[in-house]
Structure formats: structure tokens, C-alpha cells
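Examining the three-dimensional arrangement
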Amino acid sequence: MEMQILRKTKWGGFKNARQMEKTQVIQIVKDSGLKGRSGSNYPTGTKWESMGPGERYLICNADEGEPGTFKDRFIIENNPQLLIEGMCIAAYAMDAHKALIYLRGEYAYLKKGLEKEIEKSNKYLRQIKLSIRIVLGAGAYICGEESAILESIEGSRPIVRKKPPYPAQAGLYGKPTCINNVETLANVPLIFSGGWDKDLLLFCLSGDLKKPGVCEFKAGTSMKEIISAASPSVEPKAVFFGAAGGCLPYRKFENLPLDDASVSENGAMLGSRALIVVGEGRSMLEISKVFAEFFVHESCGYCTPCREGNFRILELLKKIMDGSDTLCDIELLRKLAPHIRDTSYCSLGRTSTNYLIGAMKYFESDFTKLCR
């Protein structure tokens, strides 16, 4: 069966939406139950409705930097028209006439194809007097956060803004701005073309699998069913939810329904639905070191807990792997990881040690067996 996200609407959703009043379009999106699919889960229609008065901007967040996440790339590569159509419906509903696609730096090769799709869509863009341009990021993890995107586009150092004011009131260049991610906007035309199932979600599967890739499942499908669809190459040991979402042991949670509430109740975060499968025989210590290197490299450097704390965690993990650590170093790791989580400036820093907290909770022996 064809994936819902790959349906060709042929601009039917936009045509239907254009026959409605703007407030009616927003109400239909609210009633549909569509929520932000970057991991925020904020009601999309409510976000559109909250836009302040005056000149407005729409930004598509195509900067998916979370490890193991590539569903937005999948949409752009396989059904870019759906994304552009969704942006047109959103812009029409909010009376926005300027739109941008903030494209991840590592996705620069997708820019030309998107520009061609925008050119092909000019007939519909002109109907609502909308212009869409693509802004290429520099590959910074922090720019997955909406206000850091605004700073980047304005030419400033990309750090997270203090809120309030929220982007809907004072965003790009101080104007009301709505920021939705690729998957969220791509679902909008499906709502207006009929037959849309709000419970169908995209999952990114990678790691020790024979068939990694993007799959579509209903929210609440068990971990075992989703991972089995990608054919594990060895018996799964653990599943990381990206890096920021932490991890859970597979055998204990294989029947866990993968929805936000169920995963959160067990100490992890489903987030952007990136499942990185770790097979038996792999060391959680070694994988934690890889994630630590990622966060040291990607820290924006603005706050001390994230900048210095993650660097210190990497040092300690290297020391453990070298066999020169003591149990005191393990204890320091236990204290440092939640300290970074609790004191970092932004949500990216506050989730930067979730992978380690989960790994040490469930796989302690992987960290202590080399201790002197």
C-alpha cells in the first residue's frame, strides 16, 4: 500500500482550501488534530491562529539535525509538491505573502530540485501573491530550534531567543512569523483533499538493520512491529530515540506502544521518531562516546553547562574506554549528566545528555566493567 505522505494531490487540497474563508481553513486544521511533527506536538491550527497583525512570514523548517532523523529529506526527495502545496495553504490561511524554506546545510544538494518545484508551482503562488525562497543553513544543530533559525536568517549568531515574545508575535525581522517543519506542512494538503489519517506517522529507522529507511505506522504501534519491518541484522539490545530522546532496552520494552505519552512515561522521548537500533554485542559506552562527540561539536557555545559540561563528559568517556578511570569517574558522570540537563540555557542543551542518562540507567555494566 502506498504511503499516505507520498500521495499525489495534484493541488486538489489547495483548490479546496481556496474556496473557503481563511478562518474556516484554520478551523479545519484545528479540528483535524494536526500537531507539529518535529517533536513539539503543538497544535498546528492554534499556531496559525495566534499570528499577530501586520506583515507576516511563513518559514518551513527543513533543518533536521537530530541523529537518525531523515524523514523531511524523504519527503523533499519523493513528494516535494506536497510540501509546496502545504506552504501555500498555510500562507493563504494566515494571509502571509513571504515564505522561506530553511534548508539544512548538508541538504544543499536538494536545493536545485526544490527551486524547480517552486517554479512549477508559480501558477498557484501567484494566486495568493506568495513568494518562496530557500535559505541554506550552515549545518548547525542549534538551528533546528525555531528562534535560532530566525537569528540565522537575519545574519546573526544562531542562538535561542528568550521567550516571550514568541515568533507568532515578533519573529523574523520583528514581524509575526509561523514556523512549521516539513512533515507538518506536507500533511496539510492531505487534510483538504480527503481521506487523511491523523494517526499515520513517519518513523526513521537506522542502526543494526537490514532494511533501514523511512516507514509509516499508526501512533501506538509496538516497538517490536516497527523494528521488525526493518529486519534487524542481529538481536536488538537497545533503541535510541535520536540522541536527545534517550534510550530504552529492547527486550524490556519491545511491546511498548510508540506514542509520545507511553515513551515519556518510561523515561525517554519519542521526539522526531528516529529509532536507532543497537544490536547485541555493541557497547553502550562506545555509542555514548559517539553521541558525546556529536554534542561537543554541535554545542552553540552560548552557555557554560552545555559547552563545558559535554566536553567534560566526552573526556570522562574516553578515560573509561582507555581503562584509566575509577568508580569515582563513573559517579561524576552520574552527577554531571543531569546537571547539564537541568541548567543549560535552551532545550537542545537540556536534552544533550539524555542518551547518557538512559544508557547508564539500563546498561550500567557497559560502563563499569573496565573500571579499576
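Residues numbered from 1 in each chain as written. Predicted model: local features only at pLDDT ≥ 70, side-chain atom pairs only at ≥ 80, totals over all residues. Heavy atoms only, no water.

**Side note on the overall build of the chain**
- Helix and strand counts for the chain stand at 18 helices and nine strands.
- The C-alpha atoms of the chain give 21 Å as radius of gyration, which agrees with the globular expectation for 372 residues (21 Å, within 12%).
- Reported as C-alpha extents along the three principal axes, the dimensions of the chain are approximately 70 × 45 × 35 Å.
- When contacts within the chain are restricted to residue pairs at least 6 apart in sequence, those whose partners lie at least 24 apart make up 71%.
- Carbon and sulfur atoms form 51% of the exposed surface of the chain, whose accessible area is close to 15900 Å².
- Of the charged side chains in the chain, 50 are positive and 44 negative; the average position of the first set lies 4 Å away from that of the second. (Helix = DSSP H or I, 4+ residues; strand = E, 2+ residues; numbered from the N terminus. Rg over C-alpha atoms; globule rule 2.2 N^0.38 Å. Contact = heavy atoms within 4.5 Å. Areas by Shrake-Rupley, 256 points an atom, 1.4 Å probe, with all protein chains shown as cover. Lys, Arg positive; Asp, Glu negative; His and termini not counted. Charge placed at Lys NZ, Arg CZ, Asp CG, Glu CD.)

**Quick look at the sheet that holds strand β9 (residues 274-279)**
- A sheet is described by the order of its strands in space; here five strands give the open sequence β6-β5-β9-β7-β8, paired in mixed fashion. Since the sheet does not close on itself, it has two edges, and those belong to β6 (213-218) and β8 (247-249), each with one partner. Taking each pair of neighbouring strands and ignoring which way they run, the sheet shows an average axis angle of 30°.
- Bridge analysis of strand β7 (residues 236-241) against β9 gives five bridges, and the strand direction is antiparallel. Counterpart to Phe 240 in the pairing with β9 is Ile 276. (Pairing = 2+ DSSP bridges. Axes fitted to C-alpha atoms, helices over the stretch in contact; angles between N-to-C directions.)

**Focus on the nonpolar core**
- Grouped together as the largest cluster of nonpolar side chains are 59 residues, with contacts concentrated most on Ile 5, Trp 48, Met 87, Ile 101, Ile 132 and Phe 192.
- With eleven residues, helix α5 (residues 80-94) is the largest single contributor of residues to this core.
- Among residues more than four places away in sequence, those in contact with Ile 132 are Ile 84, Met 87, Ala 99, Ile 101, Ile 118 and Leu 125.
- Judged by nonpolar contacts, the second largest core, of 47 residues, contains Ile 59, Leu 172, Met 284 and Ala 337. (Core = buried A, V, L, I, M, F, W, Y, C linked by side-chain atoms within 4.5 Å. Buried < 20%, exposed > 50% of the residue type's maximum accessible area, 1.4 Å probe, protein only.)

**What about the sheet that holds strand β4 (residues 177-181)?**
- Here we have four strands laid out as an open sheet, ordered β3-β2-β1-β4, and parallel in their pairing. Two strands in the sheet have a free side with no partner beyond their single neighbour: β3 (131-136) and β4. Across the sheet, the axes of successive neighbouring strands diverge by a mean angle of 20°, strand direction being ignored.
- With six bridges joining them, strand β2 (residues 98-103) and β3 adopt parallel strand pairing. Across the sheet, Leu 103 pairs through a bridge with Leu 136, a residue of β3.
- Each of β2 and β3 is contacted by helix α6 (residues 111-120), which is oriented at about 175° to β3, the strand it contacts most.

**Some points on empty space enclosed by the protein**
- Counted by the stated rule, this structure contains two cavities of 30 Å³ or more.
- Taken as a whole, the largest cavity holds about 140 Å³ of empty space.
- For the largest cavity, the lining is made up of 17 residues, of which Ile 142, Cys 300, Cys 306, Cys 346 and Gly 349 are closest to its centre.
- Mapped by element, the contributors of at least two residues to the lining of the largest cavity are α13 (284-298) and α16 (347-350). (1 Å grid on protein atoms, 1.4 Å probe; cavity = no way out; pocket = protein on both sides within 12 Å on 5 of 7 lines; lining within 4 Å. Points joined across faces, edges and corners; volume = space filled by probe spheres on them.)

**Considering the pairing of β9**
- Most of β9 sits out of view: six of its six residues are buried.
- Burial along β9 is two-sided: the residues Ala 274, Ile 276 and Val 278 and Leu 275, Val 277 and Gly 279 are all buried.
- Bridge analysis of strand β5 (residues 200-207) against β9 gives four bridges, and the strand direction is parallel. Paired with Leu 205 across the bridge in β9 is Leu 275.

**Let's talk about the layout of surface pockets**
- Here the second largest pocket defines a volume of roughly 310 Å³.
- In terms of lining, the second largest pocket is formed by 16 residues, of which the most central are Lys 35, Asn 41, Lys 198, Leu 201 and Asp 260.

**A short note on unusual backbone geometry**
- Cis geometry is found at the peptide bond from Lys 163 to Pro 164, where omega equals -5°.
- Geometrically, the link from Pro 164 to Pro 165 is a cis peptide bond, its omega value of 5° lying close to zero.
- Position of Pro 165 among the secondary structure elements: in the loop between α8 (146-153) and β4.
- Phi is positive for Lys 10, close to 55°, though the residue is something other than glycine.
- When you line up the elements, Lys 10 lands in the segment before α1 (12-18).
- For Tyr 173, which is not glycine, the phi torsion reads 55° and is therefore positive.
- When you line up the elements, Tyr 173 lands in the loop between α8 and β4.
- Exposure remark for Tyr 173: the relative accessible area of 44% places this residue in the partly exposed category.

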